[in-house]
Amino acid sequence: MDKTWMFVDRTTSKYDDGVDSFIRFAIVNSDDSNVIRCPCTKCRNAKLLHPNVVKDHLFVNGVLESYTTWFWHGENISSVPIEEKIESDFEVGDGLNTVEMVDAVYRDYETKPDGFVKLLSDAEKPLYSGCTTFNVLSTLVRLYNLKTKHGWTENSFSELLSLIGDILPKENSLPTSIYEAKKTLSTLGMQYTKIHACPNDCILYRKEYENSVVCPKCGLSRWKVMKNHKVKEGVPANVLWYFPPIPRFRRMFGTKEIAKDLTWHDNKRQIDSYMRHPADSPAWKVVDHKWPDFGSEPRNLRLALSADGVNPFSNYSTQYSCWPVILATYNLPPWLVMKRKFMMLTLLISGPKQPGNDIDVYLAPLIDDLKELWEVGVDVYDAYKKEVFNLKAILLWTINDFPAYGNLSGCTVKGYKACPICGDNTVSQRLECSKKISYCGHRKYLPRGHKFRKQKKAFDGNEEHGLPPNPLSGEEVFEKVSGIHNEWGKSKKRKATRNNSDSTLSWKKKSIFFNLEYWKHLYVRHCLDVMHIEKNVCESLIGTILGIPGKSKDGLSAREDLEVMGIRDELQPQKEGEKTYLPAACYNMSRAEKKKFYTTLFELKVPEGYSSNFRNRVSMDELKLNGLKSHDCHTLIQQLLPIAIRGMLPKKVRYAITKLCLFFNALCNKVLDVNTLDGIQEELVTTLCLLEMYFLPSFFDVMVHLTVHLIHEVKLCGPVWFRWMYPFERYMKVLKSYVRKGNNVEGCIAECYIAEEALEYCAEYLKDVSAVGVPRNMNNLSSDDHGIGAGNVKLVDLKLLNQAHQYVLENTNEVEEYKDNISSNMRWISHGPQHQVIKYQGYMINGVRFHTKRHDDEHCYQNSGVSVVANTMLVSSAKDKNPIIVDMWYYGVIEEIWLLDYNALKIPVFKCDWVKNDGGVKVDDLGFTLVDLQRKGHKNDPFIFASQANQVFYIKDPENPKWSCVIENSHEKFGNSSNDDSSDKAMNLHFPAKSIPLVETIVNTLHDDESSYVRLDGEPMYID
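Please read these numbers as outputs of a predicted model, since none were measured by experiment.

A. Region of interest: the overall build of the protein chain. Each helix and strand in the protein chain was counted, giving 34 helices and 36 strands. Pairs at least 24 residues apart make up 68% of the contacts formed inside the protein chain by residues separated by at least 6 positions. Here the protein chain has roughly 45400 Å² of accessible surface; of this, 49% comes from carbon and sulfur atoms.

B. Here's a closer look at the packing of helix H5 (residues 136–150) against helix H6 (residues 154–167). Contact geometry for H5 and H6: axes closest at 11 Å, N-to-C directions at 145°. In this structure, H5 meets H6 at a crossing whose hand is right-handed. Between H5 and H6, the contacting residues are Leu-140, Leu-143, Tyr-144 and Lys-147 on the first element and Glu-154, Phe-157, Leu-160, Leu-161 and Ile-164 on the second. For the contact of H5 with H6, the class distribution of residues is seven nonpolar, no polar and two charged.

C. How the structure looks around helix H11 (residues 282–290). What H11 keeps buried is the set Ala-283, Trp-284, Val-286 and Val-287. Along the long axis of H11, the arc covered by the buried residues comes to 160°, so they all point the same way. The secondary structure elements touched by the buried residues of H11 are helix H10 (264–267), helix H12 (292–295), strand S8 (301–307), strand S13 (393–399) and helix H25 (710–717).

D. Local environment of the sheet that holds strand S36 (residues 1021–1023). Ordered in space as S17-S18-S36, the three strands form an open sheet in which the pairing is antiparallel. Every interior strand has two partners, whereas the edge strands, strand S17 (574–576) and S36, have only one. Going from strand to strand, the sheet's axes swing by 40° on average, the running direction of each strand aside. Pairing geometry for strand S18 (residues 579–582) and S36, over three bridges, is antiparallel. Across the sheet, Thr-580 pairs through a bridge with Ile-1023, a residue of S36.

E. Quick peek at the pattern of salt bridges. Here the structure, examined in full by the defined rule, presents 39 salt bridges. Lys-535 serves as the salt-bridge partner of Glu-539, at 2.8 Å between the closest nitrogen and oxygen. Of this pair, Glu-539 and Lys-535 both sit in helix H18 (residues 530–546), four residues apart, which is roughly one turn of that helix. Each of the two residues, Glu-539 as well as Lys-535, counts as buried.

F. Spatial organisation of helix H21 (residues 630–644). Within H21, the axis deviates most sharply at Ile-637, by approximately 55°. Across the 15 residues that make up H21, a large majority, 15, are buried.

G. Geometry of the sheet that holds strand S22 (residues 786–788). The three strands are arranged S22-S25-S26 in an open sheet whose pairing can be described as antiparallel. Strands at the two margins of the open sheet, each flanked by one partner only, are S22 and strand S26 (848–851). The sheet shows a mean angle of 30° between the axes of neighbouring strands, direction not considered.

H. Summary view of the packing of aromatic side chains. Per the stated rule, a full pass over the model turns up 36 aromatic pairs. Geometrically, the ring pair formed by Tyr-581 and Tyr-1022 is tilted, given 5.6 Å between the ring centres and 45° between the ring planes. Placement of Tyr-581 in strand S18 and of Tyr-1022 in strand S36 is noted, with a sequence separation of 441 residues between them. Note on Tyr-807 and Phe-945: the rings are 5.3 Å apart at their centroids and 70° apart in plane angle, and the pair reads as edge-to-face. On the criterion of sequence distance, the pair formed by Tyr-807 in helix H28 (residues 798–811) and Phe-945 in strand S33 (residues 943–945) is long-range, its members being 138 residues apart. We classify Tyr-807 as buried; its relative accessible area is 9%. The structure contains a cluster of three or more aromatic residues connected by ring pairs, namely Trp-5, Tyr-15, Phe-22, Phe-25, Phe-59 and Trp-70. We note Arg-443 situated over the ring of Phe-459; from NZ or CZ to the ring centre the distance is 4.4 Å.

I. Up close: unusual backbone geometry. A cis amide bond links Gly-351 with the next residue in sequence, Pro-352, at an omega value of 5°. You can see Pro-352 is positioned in the loop between strand S10 (344–349) and helix H14 (359–375). For His-229, which is not glycine, the phi torsion reads 70° and is therefore positive. Along the chain, His-229 turns up in the loop between strand S4 (223–225) and strand S5 (231–236). Given the relative accessible area of 69%, His-229 is considered exposed. For His-938, which is not glycine, the phi dihedral falls at a positive 55°. Positionally, His-938 belongs in the loop between strand S32 (936–937) and S33. Relative accessible area serves as the criterion here: at 33%, His-938 is assigned to the partly exposed category.

What counts, and at which threshold
Residues numbered from 1 in each chain as written. Predicted model: local features only at pLDDT ≥ 70, side-chain atom pairs only at ≥ 80, totals over all residues. Heavy atoms only, no water. Helix = DSSP H or I, 4+ residues; strand = E, 2+ residues; numbered from the N terminus. Contact = heavy atoms within 4.5 Å. Areas by Shrake-Rupley, 256 points an atom, 1.4 Å probe, with all protein chains shown as cover. Axes fitted to C-alpha atoms, helices over the stretch in contact; angles between N-to-C directions. Left-handed = near helix turned anticlockwise from the far one by under 90°. Nonpolar A, V, L, I, M, F, W, Y, C, P; charged D, E, K, R; others polar. Buried < 20%, exposed > 50% of the residue type's maximum accessible area, 1.4 Å probe, protein only. Arc of directions from axis to C-beta. Pairing = 2+ DSSP bridges. Salt bridge = Lys/Arg side-chain N within 4 Å of Asp/Glu carboxyl O. Bend = angle between axes of the 7 residues up to and from the residue. Phe/Tyr/Trp six-rings, centres within 6.5 Å; stacked < 30°, edge-to-face > 60°. Lys NZ or Arg CZ within 6 Å of the ring centre and 35° of its normal.

And the structure:
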């Protein structure tokens, strides 16, 4: 359809013919031929007028030139080419982009045209008279983007708006307060619905209860009851905040780049024997196999749901708990799946009480939408393919901590049947003195005929002939819970009524997720959270070996349990006169060992962004660890703990702990080799049996037991970093930061969330505005590698300069490839560098931050350690004199950072003190690489290219302080490196030992009559 008439002179015949064609088009597509919307510059589609009046307005006022898609008059947006350009009073930039952005959201305003007209007006209104680059909307978006990104307070933002308004010309249109700014931005955000709920969590006032004023289950009023017992009508006692996901999915596909990313799993994913993405997993493939129509459309969404409690008042109140329910979309590339921008808040369950098992009541609106997305689908416009298609979606699984796992799945997570995978076959026993349940019995998972199965004394006094329980399928679970009738609400004791069968003992309710037709057919419906399991295991392990009060699983009660069970006489409480003491177990550290352990952590320096400063966590006076966070536990058990216990504890105990750490490290890899998973599982089971030999039964709580099921879930669902709580916990912190008023917690979160939604949407259209929810790497301050801080120009020693220049010549590819053609770079290099170089204290390259040793000495982090791999010629042996070329690792510390100036070419190099490989580097029997930093070598070849450096850091070996253990910093990036931020990289850690022996080498040395659980050189613990 020709629309060029909209941009020509109104006195021409072309304009006249164009108006007539428009009127005819509008009348044909109008429900009432007597009235159509007027698109003149004054009415702006807000008024319904007779066609003849509209025609007069178009000649008198002119047509709205930005209205190039006649969606108010029946034109389908998909019929208009996306690339079609229009003329505008704005220069190419934000002004034009905001008009396109507003046009793209017209579908959201079909029922509220006034809001659309106001939004379009702001998109076209210049910031001030004569401004051609900014309009009101683009300016507000940019400013609010900065506010959100840097956490400005609302008062500071209002003052900034007022100041900018004073700086601009008098006739500017910039809002002067945050209230006016939010009114404008909120029109770009999606909306939410407030659904009233019973204070006892019995019902939602929707559907058949929509007009009720009293809860039909418990009789409580729908309205808030004041302290004087008066009912405040119109003010709900409890509210559910619902953010419908369907309009948000529509908006995702309405943005071209996001719509393209949503099919990454189908057209850009690497397919081999490795698992990098949930799309590589059997849980994804079973959906394609069982429902081929769904799987054949790559745009159909695969979702995950997470729910957890948030206390917005932090330490000021421990009573308040509101529950966000968040959706994640797995169609996206790995580097986007768990980013804040794509965390979709769907429900906000009001506090102060947590919903507990009654959470199903609040999930009902979301489940209804998920049923619609599965059974019927919704028509969605794909901005990338420029077509409308029927979108469907499936919920693959939920991701929660363990208590919330029980609330959502309906299974018990306490008592004898606490394991949701083993179910009714959970192996457990009550420890009478400790008043706890112990979950030992991991010998069941060993192969038949394994020597541990026949050993008695080393374990619980019995042989083990049982087999591991088979996990229940979804159909089996559904059959078990079908007989449970749920009655919701907290006004009575447990409401669920069940049949008389013992098969439902481990189930509290029938989960609302079974209302989804496909739910019972999924391989895994609720995922175990590795983050919390890892944290709990780490705290139990460290607390026990260090004897930390409140964290240790050892004590008088735990030892008395041994007496009740009739095992391990040597560890049972002993009498010495009137005093009672506990003999030292093999896992108990002496006070000297504890001091060495804490000193190692206290003196620890790690690369910036690696972890928190452990110096702040260690109390050397009290010999305690304080306030460990989840990520601290992650770094401890993945890398630091095996080094911190070197030279302490009996070797077999230390080895078993190291193997457990290795398991978590292998489990958390971003790329998993499917062929190695069975071997990892076998090693873990044997490691758990070794721990059963050394540690008390009280150590084996349900969190330790759950580790045996983690590899099974990895096999079915793929890498754990798509299924753990770290990204959701980070997002919960963002939601907490939204709270400004303590008396309206959920309202603050809801309003700020839709404002940020609007910002994220605008960022797709405005140049130079980065998305808040997809942060750039904190180290990537610019797109180029660069020096950190102000460099100093120095005249350097000519001998060192010649060494640096020689290194450049010997290691530049263009020199090696040089034959007849001479490149421009080669010409400049051949002239040599200037005698003056720029020296930096730090340098950023390949997204990694390096600093000099002198800089590190003055700070609490260590960024000066480097390693490099080089081809080296070696002789195989004294008998075989033929030289061979091998890759050899070199380790060193950055002393200086130079920027060599070849006039048109600048090359950064690191001048390092290198450790002498002969006698300065060794690998011990457990595979740890150790270096002697005082033994320096390669003094005639100190330089490397900055781009060649791999970052490492060194930890003083507790066993021999002369040596330092080498740990590689995780700086490799996944997929789209520009979007892989530091929070992702800090989770993927290299294990410090490269060639640790198989666990069977230790197993073969153990005998049933060996008292491996006693430490003869230990210090007994006296009981007051």
